[in-house]
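So you can see what is in the structure, the chains are spelled out below.
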Amino acid sequence: APSWSYEGEGGPENWATLFPNYCAGSSQSPIALNGLEATIKSSSDAWVLDKYDTVPDDLKIENNGHSAKVAWTITDVAELPSISGGELGGQYTFAQFHFHWGSVSTQGSEHTLNGVAYAAELHLVHFKTEYGSLTEAVAHDDGLAVLGIMLLGGLVDNPSLTPIIEGLATIPNSGDEEHLATMFPLQDLLPPDTNTFYRYSGSLTTPTCNEVVTWTVFREPISISENQLEEFRKLLGDHDHHIEDNYRPVQPINGRTVEKITL
Ligand code: BO1
Ligand code: ZN
């Protein structure tokens, strides 16, 4: 498979050519989300966030050359956090989270909300529990559920991000993987209000862009300081360049329905 990147010959403008399966599809992510264009829906299907309050024994952080990714080291699906409710129509097990960020704080998010790009975007990636693994789930239309959380750049450090920021210094180069020094529950990364969100069917935002993701993007952002963003921007990718602007531009909606759901 050809290599991909966020600039140059391997960049997003060429992904559809380099990866015709599936980056050239008609249900790609990210998209521009707009409250005035969304279908408004009220639902009583409350979120069930299982083990989102559990502090794991061990977390690993990886510089994969494209992003910084964090996962629990346990692999027993029964012990991992999961989500259901929220109109997802099934249970999804947590696999990993990672970030997309900009070289400046006026860009960096993948989705935009009402025309606004945020400084970064956090993706909590889950696979449908019945498929057993992320690798298997990518072969199914309803395989993945990703929770997208906007990060609003500002002056004040977000203490919930401190364990991750401290971990970044230990993975400066592509391929580096280390254990985090401080453990925390996934719930620490959620915005205060998870009951209002955008929902649509889309894809992985990186090649091979499989159209298997039920996307949830929360209306409310969390915060991140400029100092914390600078730690992300220090990470090095594959050819001695800093990892930054590792976001895909918004893709055509092509008639898809976008719901704005309130629980
Ligand atoms: S995202 O949340 O849409 N940005 C996203 C993008 C890619 C993946 C997960 C979430 N996963 C990737 C894995 C690769 C794997 C590929 C296809 O999916 O990182 O290891 O090869 O299965
Ligand atoms: Zn992502």
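For the structure given in this document, a descriptive report is provided here. (Residues numbered from 1 in each chain as written. Chains lettered and ligands numbered in written order. Predicted model: local features only at pLDDT ≥ 70, side-chain atom pairs only at ≥ 80, totals over all residues. Heavy atoms only, no water.)

Considerations on the coordination of the zinc ion (ligand 2)
Here is the rule we go by: Only nitrogen, oxygen and sulfur atoms count as donors, using a 2.8 Å cut-off from the metal that widens to 3.2 Å for Na, K and Ca. Water is left out, so coordination shells may look unfilled. A four-donor site is called tetrahedral if each angle lies between 85 and 135 degrees; a four-donor site is square planar, and a six-donor site octahedral, when trans pairs exceed 155 degrees and the remaining angles lie between 65 and 115; all other cases are labelled irregular. Secondary structure follows DSSP: runs of H or I at least 4 residues long count as helices, runs of E at least 2 residues long count as strands, and numbering of each begins at the N terminus. Categorising residues by exposure relies on relative accessible area from a 1.4 Å probe, with only protein chains included: less than 20% of the type maximum marks a residue as buried, more than 50% marks it as exposed, and the intermediate range marks it as partly exposed.
Coordination of the zinc ion (ligand 2) by the protein involves His98 (NE2), His100 (NE2) and His123 (ND1), with metal-donor separations of 2.0 Å. Taken together, the four donor atoms surrounding the zinc ion (ligand 2) define angles of 98 to 116° at the centre, an arrangement classified as tetrahedral. When the donor residues of the zinc ion (ligand 2) are listed from N- to C-terminus, their spacing reads H-x1-H-x22-H. Taken together, the positions of His98 in strand 7 (residues 92–101) and His123 in strand 9 (residues 120–128) put the pair 25 residues apart, joining distant regions of the chain. In this structure His98 comes out as buried when scored by relative accessible area, which is 14%. Accessibility expressed as a relative area gives 1% for His123, which makes it buried.

What about the pattern of salt bridges?
Pairing is possible between side chains that carry opposite charge, provided their charged atoms lie close to one another. Short version of the rule: A carboxyl oxygen of Asp or Glu within 4 Å of a side-chain nitrogen of Lys or Arg is what we treat as a salt bridge.
According to the stated counting rule, one finds ten salt bridges in the structure shown. In this structure, Glu62 and Lys69 form a salt bridge, with 3.6 Å as the shortest nitrogen-oxygen distance. Take Lys69: its relative accessible area is 26%, and that puts it in the partly exposed class. Linking Lys128 and Asp142 is a salt bridge whose minimum nitrogen-to-oxygen distance equals 2.8 Å. Here Lys128 is found in strand 9, whereas its partner Asp142 is found in the loop between helix 3 (134–137) and strand 10 (144–154), with 14 residues between them in sequence.

Re the site of ligand 1
Our working rule: Here a residue is considered near a molecule or strand provided that any single heavy atom belonging to it is located within 4 Å of it. Whenever two N or O atoms come within 3.5 Å, that pair is a polar contact, provided that in protein one can donate a hydrogen and the other can accept it, and provided that, for residues adjacent in sequence, both atoms are side-chain atoms. Computed with the Shrake-Rupley method and a 1.4 Å probe, the accessible areas treat only the protein chains shown as cover for residues.
Taken together, Gln96, His98, His100, His123, Val125, Val138, Val146, Leu204, Thr205, Thr206 and Trp215 make up the full set of residues near ligand 1. Here His100 contributes a side-chain N or O atom positioned 3.4 Å from a nitrogen atom of ligand 1. Residue His123 places a side-chain N or O atom 3.4 Å away from an oxygen atom belonging to ligand 1. For ligand 1, whose free accessible area comes to 500 Å², the fraction covered by protein is 69%. Counting residues per element, the ones that place at least two in the shell around ligand 1 are strand 7 and strand 9.

Topic: the packing of aromatic side chains
Inclusion rule: Ring pairs shown here join Phe, Tyr and Trp side chains whose ring centres sit within 6.5 Å, with only the six-membered ring taken for Trp; geometry is labelled stacked below 30 degrees between planes, edge-to-face above 60, and tilted in between.
Here the structure, examined in full by the defined rule, presents eleven aromatic pairs. A ring pair is formed by Phe94 and Phe97, whose centres lie 6.4 Å apart and whose planes are at 40°; its orientation type is tilted. Residue Phe97 is classed as buried on the basis of its relative accessible area of 1%. Between Trp101 and Phe232, the ring centres sit 4.9 Å apart and the planes meet at 50°, which makes this aromatic pair tilted. Pair noted here: Trp101 is in strand 7 and Phe232 is in helix 5 (residues 226–233), with a separation of 131 residues, a long-range link. Here the two residues Trp101 and Phe232 agree in accessibility, since each one is buried. Taken together, the ring pairs in this structure connect Phe94, Phe97, Phe99, Trp101, Phe184 and Phe232 into an aromatic cluster.

Let's talk about the pairing of strand 7
What counts is decided by this rule: For two strands to be treated as a pair, DSSP must find no fewer than two bridges joining them.
A large share of strand 7 lies buried, amounting to nine of its ten residues. As defined by bridge partners, strand 5 (residues 68–72) adjoins strand 7 across two bridges and the pair is classed as antiparallel. Bridged to Lys69 within strand 7 is His98. Inspection of the sheet shows strand 6 (residues 82–84) paired to strand 7 by two bridges, in the antiparallel sense. The partner of Ser82 across the bridge, within strand 7, is Thr93. Relative to strand 9, strand 7 runs antiparallel, the two sharing nine bridges. Bridged to Phe97 within strand 9 is Leu124.

Geometric values such as these leave the question of function open.
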